[in-house]
Amino acid sequence: MDELRATLQALRDGFGLDLPEFLTGFYGGYTAKPWDGPDDVTDEPLPLSALLSQVLQAFALQYEQEATASLCYSANVLRLLDEDGVTVGQLPRRSGVAIEPIRAAVGILAKRGFITAASDPGVRGTRVRLTGNGLEARACYRELPGEIEARWAARFGVDTVQRLRSRLEALATPCGVRRAPLWLGLVPPQGTWRSKVRRPDELAHFPMPRQSGHPDGA
């Protein structure tokens, strides 16, 4: 964990961006401004959650400068679709994202022409299908993240990026029949609303926080 923190900090310092210490809830884009260093110098280290958030948002920012669809929607909705489509009700279980942010994503993606959402005769619920634009956006998602990773390796050093990947894979990769270690930190406290809902089968491929409201869709 110390090595993961150090690697994230090195990347964060190299971005030159003023990024929030949390994941934004703005649909379809991230913004950042040039960073000249902290206003108040402090010896207190950032929480690991803040470092992870900043690196994720820097990645999303670079992705969305080149892609037509946002990274969170590409990773959690477009990735799962084809021309035959799936119903909206199937997407939460397949994506690991709660139904409310999925519904919001479907509405925005349909409005922007990446998908169609309509009822089929004899099928319960709304079926979502990719359009031509959606197929292009899905193809972009399959290629662009690897290209960005290669650019980061060239900019920050191959060893740094490979070290980050190996540490994150160790947390997020299942071992045999056992779930990935990351799941151990996702057990909700007893008595909370999270403990009363169905446990997801998958983790989201990119965080997709809601803009507002509760529950937060995490």
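See the structure shown above.
Parameters at a glance
- Residues numbered from 1 in each chain as written.
- Predicted model: local features only at pLDDT ≥ 70, side-chain atom pairs only at ≥ 80, totals over all residues.
- Heavy atoms only, no water.
- Salt bridge = Lys/Arg side-chain N within 4 Å of Asp/Glu carboxyl O.
- Helix = DSSP H or I, 4+ residues; strand = E, 2+ residues; numbered from the N terminus.
- Buried < 20%, exposed > 50% of the residue type's maximum accessible area, 1.4 Å probe, protein only.
- Phe/Tyr/Trp six-rings, centres within 6.5 Å; stacked < 30°, edge-to-face > 60°.
- Lys NZ or Arg CZ within 6 Å of the ring centre and 35° of its normal.
- Expected span 1.5 Å × (residues − 1).
- Arc of directions from axis to C-beta.

*Asks:* Hey, could you run me through the pattern of salt bridges in this one?
*Replies:* A pair can form between side chains of opposite charge whenever their charged atoms are brought close. Per the counting criterion, the structure on display carries nine salt bridges. Linking Glu-3 and Arg-167 is a salt bridge whose minimum nitrogen-to-oxygen distance equals 2.4 Å. One end of the pair, Glu-3, is in helix α1 (residues 2–15); the other, Arg-167, is in helix α7 (residues 158–172), and 164 residues separate them in sequence. Using a relative accessible area of 36% as the deciding quantity, one classes Arg-167 as partly exposed. Here Glu-147 ties to Arg-151 by a salt bridge, and the two come within 3.6 Å at their closest N and O atoms. Residue Glu-147 and its partner Arg-151 are located together in helix α6 (residues 132–156), separated by four residues, close to a single helical turn. The class of Glu-147 is partly exposed, set by a relative accessible area of 40%. Assessed through its relative accessible area of 33%, Arg-151 is described here as partly exposed. One connected set of salt bridges, linked through shared partners, spans Glu-66, Glu-147 and Arg-151.

*Asks:* Help me understand the packing of aromatic side chains in this model?
*Replies:* Here a ring pair, both rings aromatic, is described through the centre-centre distance and the interplanar angle of the planes. Taken as a whole, this structure holds four aromatic pairs when the rule is applied. A centroid spacing of 5.4 Å and a plane angle of 80° characterise the contact between Phe-59 and Trp-152, whose relative ring orientation is edge-to-face. In this pair, Phe-59 sits in helix α2 (residues 48–64) while Trp-152 sits in helix α6, placing the two residues 93 residues apart along the sequence. In this structure Trp-152 comes out as buried when scored by relative accessible area, which is 7%. A cation over an aromatic ring shows up here: Arg-179 above the ring of Trp-183, its NZ or CZ 3.9 Å from the ring centre.

*Asks:* What exactly am I supposed to notice about the environment of Leu-19 here?
*Replies:* Within the fold, Leu-19 resides in the loop between β1 (17–18) and β2 (33–34). Distance from Leu-19 to Ser-53, taken between C-alpha atoms, is 8.6 Å for residues 34 residues apart in sequence.

*Asks:* Got a minute to help me understand α7 in this structure?
*Replies:* Owing to its 3.6 residues per turn, the α-helix brings residues three or four apart onto one side. Between the first and last C-alpha of α7 there are 21 Å, a value that for 15 residues agrees with the 21 Å anticipated at 1.5 Å per step. Listed in full, the buried residues belonging to α7 are Thr-160, Val-161 and Leu-164. Within α7, the buried residues cover an arc of 95° as seen down the axis, which keeps them to one side. Pointing more than 90 degrees away from the buried face of α7 are the exposed residues Asp-159, Gln-162 and Ala-170.

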